[in-house]
Amino acid sequence: MDIRRRNNVTVTGRAGGQVLLLAHGFGCDQNMWRLVVPALARDHQVVLFDYVGSGHADPDAWSEQRYGSLEGYAQDVLDICEDLDLRDVVFVGHSVSAMVGVLAAAQAPQRFSGLVMVAPSPRYIDDDGYRGGFGADDIEELLESLESNYLGWSAAMAPVIMGHEDRPELGEELTASFCATDPDMARVFARTTFLSDSRADLKTVAVPTLVLECRQDVIAPREVGAYVHAAIPGSRLVTLEATGHCPQLSAPQATAAAITEFTGGVR
């Protein structure tokens, strides 16, 4: 199988530089990174891709069985690393992809030298002693709404997720990204994302880790960032002066600067 075509892999930046593997979240694709790539590409080799079921990845490679769990998305990451023979990779994962990176690094630790977790959440549903930001009923209602009217859900939820009423173009971009995703594939990815519980996997992290959170984020509140930071010994927590769940779009300069500062200490 042609992995590069399957996952629409793009490689840019400085040959021989520290490898950054950028992974998008639910309802998105590699285009979500475009505002941070120019800054990162000056000193890094940047690898971008689309998960199967997203963006311009090969839809014929999708299966509900594989992509009904986060391990299926982690396998996409590992396939790309093997195909490109990537080593000493700093994995940069947005939202649910932060947990995908944790799983991938646990399975192939020889390939990864660091993790950057952008607005991560190991569990979206509140639990005893844990605040994920949503009640179980809230998530079930969200998923039922998504499944019954995906386009309507996208138009309503994307601006809320983006969190910038003063910059409606950002919400419109995320809406367009959601709407470009096949509804059946999105349904599976949504359930995989919002019903996941990766808290136990955090203890497997054995590489330098940067946790990037926004000062206000309805999807991953700051209690979640604090939890992830506490669960990964030696991790660094940085709170960006940004709101919403997508700082790579709303605060690209600050996001790129934080990543670059972190990678400078990894090599």
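Before any of the text, the structure's been laid out above.
Thresholds applied
Residues numbered from 1 in each chain as written. Predicted model: local features only at pLDDT ≥ 70, side-chain atom pairs only at ≥ 80, totals over all residues. Heavy atoms only, no water. Salt bridge = Lys/Arg side-chain N within 4 Å of Asp/Glu carboxyl O. Helix = DSSP H or I, 4+ residues; strand = E, 2+ residues; numbered from the N terminus. Buried < 20%, exposed > 50% of the residue type's maximum accessible area, 1.4 Å probe, protein only. Pairing = 2+ DSSP bridges. Axes fitted to C-alpha atoms, helices over the stretch in contact; angles between N-to-C directions. Contact = heavy atoms within 4.5 Å. Phe/Tyr/Trp six-rings, centres within 6.5 Å; stacked < 30°, edge-to-face > 60°. Lys NZ or Arg CZ within 6 Å of the ring centre and 35° of its normal. Parallel < 35°, antiparallel > 145°, perpendicular 65-115°, else oblique. Left-handed = near helix turned anticlockwise from the far one by under 90°. Nonpolar A, V, L, I, M, F, W, Y, C, P; charged D, E, K, R; others polar. Polar contact = N/O pair within 3.5 Å; in protein donor to acceptor, adjacent residues only side chain to side chain.

**Quick look at the pattern of salt bridges**
Counted by the stated rule, this structure contains 18 salt bridges. The closest approach of N and O atoms between E261 and R236, which form a salt bridge, is 3.5 Å. A residue pair is termed long-range when its members are at least 10 positions apart, and E261 in helix α12 (residues 252-263) and R236 in strand β7 (residues 236-243) qualify at 25 residues. Using a relative accessible area of 37% as the deciding quantity, one classes R236 as partly exposed. Ionic contacts of the salt-bridge type, sharing partners, join the residues R6, R66, D76 and D79 into one network.

**Considering the sheet that holds strand β5 (residues 112-118)**
Overall, mixed pairing links the 7 strands, which are arranged β1-β3-β2-β4-β5-β6-β7 in an open sheet. Because the sheet does not close on itself, it has two edges, and the strands there are β1 (10-13) and β7. Each neighbouring strand pair of the sheet contributes to a mean axis angle of 20 degrees, computed without reference to strand direction. Summarising the sheet, strand β4 (residues 89-94) and β5 pair through 6 bridges and their orientation is parallel. Residue pairing across strands places F91 opposite L115, the latter belonging to β5. Along the sheet, helix α10 (residues 222-231) contacts β5, β6 (209-216) and β7; its crossing angle with β6, the most-contacted strand, is approximately 165 degrees.

**Remarks on the packing of aromatic side chains**
Using the criterion set out here, one finds 12 aromatic pairs in the structure. For the pair F26 and W153, a centre-to-centre distance of 6.2 Å together with 70 degrees between the ring planes defines the contact as edge-to-face. Of this pair, F26 sits in the loop between β2 (18-23) and α2 (37-41) while W153 sits in helix α7 (residues 150-162), and the two are 127 residues apart along the sequence. Assessed through its relative accessible area of 4%, W153 is described here as buried. Centroid distance F91 to F112: 6.5 Å. Interplanar angle 75 degrees. Geometry classified as edge-to-face. Placement of the pair is F91 in strand β4 and F112 in strand β5, with a sequence separation of 21 residues. Every member of this aromatic cluster is reached through a ring pair, and the members are F26, F49, Y51, Y67, Y73, Y124, Y150, W153, F189 and F194. In this structure, R199 is placed above the aromatic ring of Y130, and the distance from its NZ or CZ to the ring centre is 5.0 Å.

**Some thoughts on unusual backbone geometry**
Residue N8 is not a glycine yet carries a positive backbone phi of 50 degrees. With respect to the element layout, N8 can be found in the loop between α1 (3-6) and β1.

**What about the packing of helix α4 (residues 70-83) against helix α5 (residues 96-107)?**
Two elements in contact, α4 and α5, have axes whose closest approach is 8 Å; the angle formed by their N-to-C orientations is 65 degrees. When the axis of α4 is compared with that of α5, the two are roughly perpendicular. For the element pair α4 and α5, the recorded crossing hand is right-handed. Facing L70, E71, Y73, A74, Q75, V77 and L78 of α4, the residues of α5 in contact are V96, M99, V100, L103, A104 and Q107. Its residues placed into classes, the contact of α4 with α5 shows 10 nonpolar, 2 polar and 1 charged.

**Some thoughts on the environment of D83**
You can see D83 is positioned in helix α4. Given a relative accessible area of 35%, D83 falls into the partly exposed group. For D83 and M99, which are 16 residues apart along the polypeptide, the C-alpha to C-alpha distance reads 22 Å. Setting aside anything within four residues of it in sequence, one finds D83 in contact with I3 and R4. A polar contact is formed between the side chain of D83 and the side chain of R4, at a distance of 3.1 Å.

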